[in-house]
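Okay, here's what each chain looks like letter by letter:
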Amino acid sequence: MARKITARGFGAKYGKSVREKYGKAEAKQRQKQKCPFCKKVAKKLANGIWLCKRCGKKFASGTYLVE
Ligand SMILES: [Zn+2]
């Protein structure tokens, strides 16, 4: 008497791993922004505005905003 093996478990596993991978990549993008001057990780000041602790420069995500 042979047991039937269903593919149900496979489908669930695959779907979950893909979701996790995608979620991680998205979170990484939101959390960290590199300073365009010294390439170190900058701290978020406000929406779209970042402050680099190392060189003390402010910049907007994409453009520089030096003060
Ligand atoms: Zn910097």
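A short tour of the structure in this document, coming up. (Residues numbered from 1 in each chain as written. Predicted model: local features only at pLDDT ≥ 70, side-chain atom pairs only at ≥ 80, totals over all residues.)

### Side note on the overall build of the protein chain
Phase 1 of the analysis: The helix and strand inventory of the protein chain stands at one helix and four strands.
Phase 2 of the analysis: Scanning the protein chain from its N terminus toward the C terminus, one meets helices and strands in the order α-β-β-β-β.
Phase 3 of the analysis: For the protein chain, the residues scored as buried account for 9% of the 67 residues in total.
Phase 4 of the analysis: Taking all contacts inside the protein chain whose residues are at least 6 apart in sequence as the whole, residues at least 24 apart take part in 4%. (Helix = DSSP H or I, 4+ residues; strand = E, 2+ residues; numbered from the N terminus. Buried ≥ 20, exposed ≤ 12 C-beta atoms within 10 Å, placed from the backbone. Contact = placed C-beta atoms within 7 Å.)

### Digging into the nonpolar core
Phase 1 of the analysis: Judged by nonpolar contacts, C35, A42, W50, C52 and F59 together constitute the single largest core of five residues.
Phase 2 of the analysis: When near neighbours in sequence (up to four residues on either side) are disregarded, C35 contacts K40, A42, C52, R54, C55 and K57. (Core = buried A, V, L, I, M, F, W, Y, C linked by C-beta atoms within 7 Å.)

### Quick notes on the environment of L51
Phase 1 of the analysis: Note on placement: L51 falls in strand β3 (residues 49–51).
Phase 2 of the analysis: Judged by local crowding, L51 falls into the partly exposed class, with 18 C-beta atoms found within 10 Å.
Phase 3 of the analysis: With 15 residues separating them along the chain, L51 and V66 place their C-alpha atoms 9.8 Å apart.

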